[in-house]
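Observations on chain architecture
What follows is each chain in one-letter form.
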Amino acid sequence: MKNERVLRRRFWSGIVLGSLLSCLSGLGCNHAQPLPDDLKQAQQAERDQDPERALAVYDAVVAGCRKKPRSERKDPCGTAALRRGQILEQLGRFAEASGAYAETRTLSREGRNMARGLQRAAALLAGPLSQPRQAQDLCREVIQTWPSEVAAEDALKLFVELGLDQGDPQLLPTLLQLADALRAHEVVASFALYHAARFQERRNDSAALFTYDEIWRRYPRGPLFDDALVSAARLLRQKGRSPEAAERLERLEASYTKAIIIGHYNKLLLDEGAILLGEVYLYDLKQPERALATLSRFLKRQRTSLLCDDALLLMAEAALLRQAAPSPDDRREACGYLDRLKTQYPDGNRLRKAAERQAQLGCAAASQ
């Protein structure tokens, strides 16, 4: 699975974009409400690196909240409970921290704070407190109760890790059940399907391909549309079904023009998909002209990609594989791609390979 930080950036980029558009249209630019004085004091203590003083303030706020919930708009009770848990965790008081985090369930009135608190409680139960089953229960509660919160994605990841560590025989059916039950929540449901597909693939289960395909079919605008198509293509290629792999990758490449708008908040896998498609056409399907067309299209639209040098190196090979014995024109074309690689992408990691290939082809002579 791609780096989790990359996935999170993709998700939040869309949220930021939506907030910006809302703000520009005059719908969402209200100023934040000021914090209550006691929470300001606690935050100042944190800035002063005095966690014990901050903890004392949060303790007092939480004690008051247990007696009577506060009415400020910013959910001070939930914020205090969450920050109290974070400070206790920083101090290494993990059992107390877990209890403090869990208290967000009763003290907070915001789903975001409740979900974050219970997810952190689960993480402590899974880690230093060594109570994996209780951690799994909390994870399921977060996923099912607050599926639209970012904490649900973290809870799902932890739930899968715990299930794998324990060899839980119910992990796969549970993931598929969650994906169906939470189908309306495309982020967490997409990830449930993706974790299930990866688990199936590790077990050489033929259902993995169906599960990968189900992701992009269900969520053509979802955050894992590209991951699912690339994963399906790689699996098909391993099985010797390269024409079907090419079809999945063509579907991914066709999404380029709408990628920024409909959910693919960066184009990392669009880049990788284009290179993979070029390799499939060139090496698997023996169609160098289609490989050249695919890679040329990639270079025109994604000029700043880190994979442009890979594309040019592949294009040089495609020019040489047009026919059994490359003609002088084929050699000149290949040398042109290699020269372009060296000129336009001098810092690329394919520079040495390009120089070796130029020497093999005698490019200086071929260009004369």
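Look up: the structure comes first, before these words.
The structure reproduced in this document is the subject of the present report. One numbering rule holds for all chains: residues counted from 1, following each sequence as written. This being a predicted model, a pLDDT of at least 70 is required before a residue's local features are given, and a value of 80 or more before pairs of side-chain atoms are given or counted; all residues contribute to the totals for chains, interfaces and linings. Heavy atoms from the whole structure form the basis of all side-chain values; hydrogens and water molecules are not counted.

Once that is clear, we can look at the overall build of the protein chain. Runs of H or I in DSSP of at least four residues are treated as helices and runs of E of at least two as strands, each being numbered from the N terminus. Of regular secondary structure, the protein chain possesses 21 helices and zero strands. The buried share of the protein chain, reckoned over its 368 residues, is 47%. Contacts in the protein chain between residues at least 24 apart in sequence constitute 57% of all its contacts with a sequence separation of at least 6. Areas reported here follow the Shrake-Rupley algorithm with a probe of radius 1.4 Å; residue values treat only the protein chains shown as occluding. Roughly 18,600 Å² of accessible area belongs to the protein chain as shown, and the carbon and sulfur atoms make up 51% of that amount. Relative accessible area decides the class of each residue, using a 1.4 Å probe on protein chains only: under 20% of the type maximum gives buried, over 50% gives exposed, and in between gives partly exposed. A contact between two residues is defined here by any heavy atoms of the two lying within 4.5 Å.

This part covers the nonpolar core. What tends to happen in soluble globular proteins is that the nonpolar side chains get buried as a cluster. The definition of a nonpolar core used throughout is a set of buried Ala, Val, Leu, Ile, Met, Phe, Trp, Tyr and Cys residues joined through side-chain atoms within 4.5 Å. Core analysis: the biggest nonpolar cluster contains 110 residues, and Val142, Ile143 and Leu156 have the highest contact counts within it. The contact partners of valine 142, leaving out residues within four places of it in the chain, are Ala115, Leu118, Gln119, Pro147, Ala151, Ala152 and Ala155.

We now examine the state of the cysteines. In this description, the term disulfide denotes a pair of cysteine sulfurs within 2.5 Å. A full pass over the atoms with the stated rule returns two disulfides. Note on cysteine connectivity: cysteine 65 is disulfide-linked to cysteine 77, with sulfurs 2.1 Å apart. On the S-S bond that ties cysteine 65 to cysteine 77, the torsion sits near -85°, and the link is left-handed. Separated by 12 residues along the polypeptide, cysteine 65 in helix 3 (residues 51-67) and cysteine 77 in helix 4 (residues 76-90) bring together distant segments of the chain. The residue that forms a disulfide with cysteine 335 is cysteine 363, at a sulfur-sulfur distance of 2.2 Å. Disulfide cysteine 335 to cysteine 363: torsion about the S-S bond roughly -85°, handedness left-handed. Separated by 28 residues along the polypeptide, cysteine 335 in helix 19 (residues 328-344) and cysteine 363 in helix 21 (residues 363-366) bring together distant segments of the chain. Classification of cysteine 363 as buried rests on a relative accessible area of 8%.

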